[in-house]
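# Examination of the molecular architecture
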Amino acid sequence: MQASGAEIHSALISRVTARFRERFGAAPEVVAVAPGRANIIGEHTDYNGGFVLPFAVDRAVAVALARTPGRGFALESLDFSDELTGDLPASQAPLPIRRDWAGYVAGILNELAVGGHALEGFRGVVAGEVPIGSGLSSSAAFEVAVVSALDLAFGLGLPPWDKVRLCQATENHWFGVRSGLMDQFASVFGQPGAALFLDNTTLAWRAIPLQVPDLEWLVLDSGVPRTLAASGYNTRRGECERAVGLLNQVRHPIRLLSEIRPDQLGAALGLLPDVESRRARHVVEENARVLAAVGALVVGDACWLGSLLDESHRSLRDAYEVSLPELDFLAETARALEGVVGVRLMGAGFGGSMIVAARAGAVERVIPALVEPYRQRFGRVVGGFRVAPSRGAYTLRP
Ligand code: ADP
Ligand code: MG
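A brief look at the structure comes next. The structure displayed is predicted, hence computed values, not measured ones. (Residues numbered from 1 in each chain as written. Chains lettered and ligands numbered in written order. Predicted model: local features only at pLDDT ≥ 70, side-chain atom pairs only at ≥ 80, totals over all residues. Heavy atoms only, no water.)

### Examining the sheet that holds strand β1 (residues 30-39)
- Strand order in this open sheet of six strands is β5-β4-β6-β3-β1-β13, and the pairing throughout is mixed. Two strands bound the open sheet, and with one partner strand each, they are β5 (82-87) and β13 (394-396). Between one strand axis and the next, the sheet turns by 20° as a mean value, whatever way the strands run.
- Summarising the sheet, β1 and β13 pair through three bridges and their orientation is antiparallel. Considered in β13, the bridge of Val33 is made with Tyr394.
- Its contacts with the sheet put helix α1 (residues 10-24) on β1, β3 (54-68), β4 (72-77), β5, β6 (121-128) and β13, and the angle it makes with β6 is roughly 140°. (Pairing = 2+ DSSP bridges. Helix = DSSP H or I, 4+ residues; strand = E, 2+ residues; numbered from the N terminus. Axes fitted to C-alpha atoms, helices over the stretch in contact; angles between N-to-C directions. Contact = heavy atoms within 4.5 Å.)

Shown next, in the form of structure tokens:
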């Protein structure tokens, strides 16, 4: 299955434009749509300068927006039944950051002000269909949609990579989440029917057609709240930085763990304490798995691809230590089902989602087969849905 044009988002676009008309008595000037993302493989590699292989999914966030005179702005969130109002920030006087959806908007406006981009007042409505907090990066979709709408409405002319960086900076500087570039990159650059291979050191990327016959993608939501995800994520980043620092004290002049070549890994690991050594091993081996996964996709080998996903999960469990018993149980149980070729946790870990690669026809059976054993073992509800590789962010003038 593959999804291409705006038609897959028509209900969402209608929702934000209809609400805009109702609320403000006029049509919006622009609508921006930005998707969430799944990641086939390459986890916790982006901030280590490594490789990732995400795709934009067929679920998005949409913003309908129009300029208004003056410096006031108003943005209504349909999903949070809330409205953010205020005056645009000056570069020396940033807006305060609320720790909720409105904080991302304030962060974006602050970043634009710091970057010297001249905005005027605006009003808008935002709504989304990317599940929040379940590992499809609704936050990136939301940020990219808001930035894309502002970009078109005010003629900012932001190049695609500037949008990616601005959204990342919003999370890094204003939210204190030290996320890498992958989520915003996939939301901006997504292509229908393709995964995106990205080298996070050089930022070189290319689309890899997902043309393995009969292969479909399912995202499982473990239902485990990711309460530890943000702190665990920042801890892992710190451990990787410590590993780099320790290696540099000895003899490896590197900036990021991904600069360690596979043939140098054994020697490098021997120089590190246990924890740092396991983190470094995951990063270097995961990068190799991403390259192998590209090879598996190019030759259309679903079994090879699936075994790489399984290995990735084991490495995230044992070496990177970001899994949980719930995620391991789901991985093992799903993997044993007929037609499932590979399963791994996706995203930061410590709860959240898993990605499942399965043969067409098997996908429908996965969640029904997991519900009862998962409930019995953990008392939790597993959910999920199919995702299709889809286009990246786009804008319309309705
Ligand atoms: P995720 O894994 O989904 O990115 P995060 O906690 O990083 O989880 O981001 C979720 C946050 O992104 C939400 O709590 C909200 O602040 C913002 N967000 C996502 N989707 C929307 C939306 N449709 N409308 C408003 N805010 C949104
Ligand atoms: Mg997020």
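### Overview of unusual backbone geometry
- Even without being glycine, His44 reaches a positive phi, approximately 60°.
- When you line up the elements, His44 lands in the loop between β1 and β2 (51-52).
- Accessibility expressed as a relative area gives 4% for His44, which makes it buried. (Buried < 20%, exposed > 50% of the residue type's maximum accessible area, 1.4 Å probe, protein only.)

### A look at the site of ligand 1
- Around ligand 1, the surrounding shell holds 16 residues, and the nearest of these are Asp79, Gly133, Ser138, Ser139 and Arg226.
- The contact in question runs from an oxygen atom of ligand 1 to an N or O atom on the backbone of Trp101, over 3.2 Å.
- The contact in question runs from an oxygen atom of ligand 1 to an N or O atom on the side chain of Ser139, over 3.0 Å.
- Against a free-state accessible area of 560 Å², the protein chains account for coverage of 84% of ligand 1.
- Residue assignment for the shell around ligand 1 shows that the elements contributing at least two residues are α2 (101-114), β6 and α3 (138-153).
- Take the shell around ligand 1: its biggest share by element is three residues, from α3.
- Looking at the shell around ligand 1, its residues break down into seven nonpolar, six polar and three charged. (Near = heavy atom within 4 Å. Polar contact = N/O pair within 3.5 Å; in protein donor to acceptor, adjacent residues only side chain to side chain. Areas by Shrake-Rupley, 256 points an atom, 1.4 Å probe, with all protein chains shown as cover. Nonpolar A, V, L, I, M, F, W, Y, C, P; charged D, E, K, R; others polar.)

### Describing the side chain of Ser277
- As for its position among the elements, Ser277 is in helix α8 (residues 274-299).
- In this view, Ser277 contacts Leu269 and Leu272; residues no more than four positions away in its chain are not counted.

### Digging into the pairing of strand β11 (residues 353-359)
- Counting buried positions along β11 gives six out of seven residues, so the element sits mostly inside the fold.
- One ladder, built from six bridges, connects strand β10 (residues 340-346) with β11; its direction is antiparallel. The residue bridging Arg344 from the neighbouring strand is Ile355, located in β11.
- In this structure, the hairpin formed by β10 and β11 is closed by a connection of six residues, where Gly347 is found at a positive phi of approximately 95°.

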